[in-house]
Amino acid sequence: MTRIAAVRGALAAHRHTQSEITDIVARTCLPEGADRRVLDRLHRGAKVRGRHMTLPLERYAELDGFGTANDVFVDTAPALGATAVRDALRAAGLAPADVDLLIFTSVTGVATPSVDARLVGRLGLRPDVKRLPLFGLGCAGGAAGLARMHDYLLGRPGDVAVLLSVELCSLTFQRDDASMANLVATGLFGDGAAAVVACGADRSGGRAGPTVVDTRSHLYPDTDRVMGWDVRDSGFRVVLDPRIPEVVRAHLADDVEGFLGDHGLKPKDVTAWVCHPGGPKVLHAVTEALDLPGGALDVTWRHLADVGNLSSSSVLHVLRDTLAERRPPPGTPGVLLAMGPGFACELVLLSW
């Protein structure tokens, strides 16, 4: 089985309180003189205390189009990603030259050469390292990337793989856009990165860390407008349908129960749930759909409050904190889950 040797995260340089961010959103997104009570209510309802952002707040008014914002992504994403990968490799006791595969996922900027290519020389990775950049998976990208890393290591059990997620969500906020979706997004998303180092079965002997037992993906029909981007000259305009919690309630329980059932397990057997912090309404829907006990998503709720939703990076931060704080009983099952554009669910069964 694939063994997760280390998980580390990194956060963007500039931290601001939720109220500070709300004020700048009011100035840049709402019409002059507009009533901001709806904005204030949405941002309070996100249950986020503060977030990390790539730029100082006053700089966001200068992002006047897709090119300007994406240039910032290209300039800053490699450095944040390099920090996460270095820390993860150090924690795993491995060197950059040990890495055989580098997977990179993001949905908040584009680059060619891709960010993973820009990191090879910077980190000292081998020039023959395999690279797999992933785009478009959104909040599910961390879970899906972990699943694809597992697929690779099943075929190459002597290899070491790294998954890197970098999400600079603040660069996608739309100026002069008072739509409900944009106001919700500006109250929820932050900037960060995460890296996972994993070893194949022949390379993982003696290493601590959970193993990946199985993975599953499920794409729901007729949900392509539930979540995603509309790409405009102004950049990535968010698509967020208020029906997302309804979709979760309609589908998630069957997916999780079927997935666990294939391994002779039930939800009550799971000792730790590693859940993406999609927002308060989504987390309540997950709790209700799976009939989770009180406190099951405490790590996820705390992550949401402390740094907001980091898109694909968040579930990996929650995994890191679960391993550090909850310390599930060895050999017991865990479930890592995230949902994203498609609308799709990604599930990873872990053995602690």
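Coordinates for the structure precede this section.
No experiment lies behind these values; they were computed from the predicted model shown.

Draft legend 1. Up close: the pattern of salt bridges. What the rule picks out here adds up to 19 salt bridges. Salt-bridge contacts for D98 lead to R203; the nearest nitrogen and oxygen are separated by 3.4 Å. You can see D98 sitting in the loop between α3 (66–92) and β4 (101–106) and its partner R203 sitting in the loop between β7 (191–199) and β8 (211–219), a full 105 residues away along the chain. One network of salt bridges, in which partners are shared, links D23, R36 and D40.

Draft legend 2. Spotlight on the nonpolar core. With 91 residues, the main nonpolar core has L164, L171, V197, W273, V286 and L290 as its most contacted residues. Sorting elements by how many residues they give to this core places α3 first, with twelve residues. Non-local contacts of V197, meaning those with residues more than four positions away in its chain, are made with R3, I4, A5, A6, A88, L89, A92, L94, V160, A161 and V162. Counting residues in each nonpolar core, the second largest holds 28 residues, with L101, A161, L336 and V348 among its members.

Draft legend 3. Fine view of the sheet that holds β7. Taken in spatial order, the nine strands line up as β5-β4-β6-β7-β1-β8-β13-β12-β11 in an open sheet, and their pairing is mixed. Because the sheet does not close on itself, it has two edges, and the strands there are β5 (130–135) and β11 (272–275). Averaged over all adjacent pairs, the angle separating strand axes in this sheet is 20 degrees, with direction ignored. Bridging between β8 and strand β13 (residues 344–351) involves eight bridges; their strand directions are antiparallel. If you follow S217 over to β13, its bridge partner there is E346. The sheet strands contacting helix α4 (residues 115–123) are β4, β5 and β6 (160–168), and the helix crosses β5 at an angle near 145 degrees.

Draft legend 4. Representation of empty space enclosed by the protein in the model. Per the counting criterion, the structure on display carries three cavities of 30 Å³ or more. Here the largest cavity defines a volume of roughly 140 Å³. Here the lining of the largest cavity gets four residues from one element, more than from any other, and that element is helix α1 (residues 18–29). Of the residues belonging to the lining of the largest cavity, the class tally is nine nonpolar, four polar and one charged. Within this model, the second largest cavity holds a volume of roughly 70 Å³. The wall of the second largest cavity is formed by C139, M227, I244, H276, G278, V282, M339 and F343. Along the lines of polarity and charge, the residues of the lining of the second largest cavity split into six nonpolar, two polar and no charged.

How each quantity is defined
- Residues numbered from 1 in each chain as written.
- Predicted model: local features only at pLDDT ≥ 70, side-chain atom pairs only at ≥ 80, totals over all residues.
- Heavy atoms only, no water.
- Salt bridge = Lys/Arg side-chain N within 4 Å of Asp/Glu carboxyl O.
- Helix = DSSP H or I, 4+ residues; strand = E, 2+ residues; numbered from the N terminus.
- Core = buried A, V, L, I, M, F, W, Y, C linked by side-chain atoms within 4.5 Å.
- Buried < 20%, exposed > 50% of the residue type's maximum accessible area, 1.4 Å probe, protein only.
- Contact = heavy atoms within 4.5 Å.
- Pairing = 2+ DSSP bridges.
- Axes fitted to C-alpha atoms, helices over the stretch in contact; angles between N-to-C directions.
- 1 Å grid on protein atoms, 1.4 Å probe; cavity = no way out; pocket = protein on both sides within 12 Å on 5 of 7 lines; lining within 4 Å.
- Points joined across faces, edges and corners; volume = space filled by probe spheres on them.
- Nonpolar A, V, L, I, M, F, W, Y, C, P; charged D, E, K, R; others polar.

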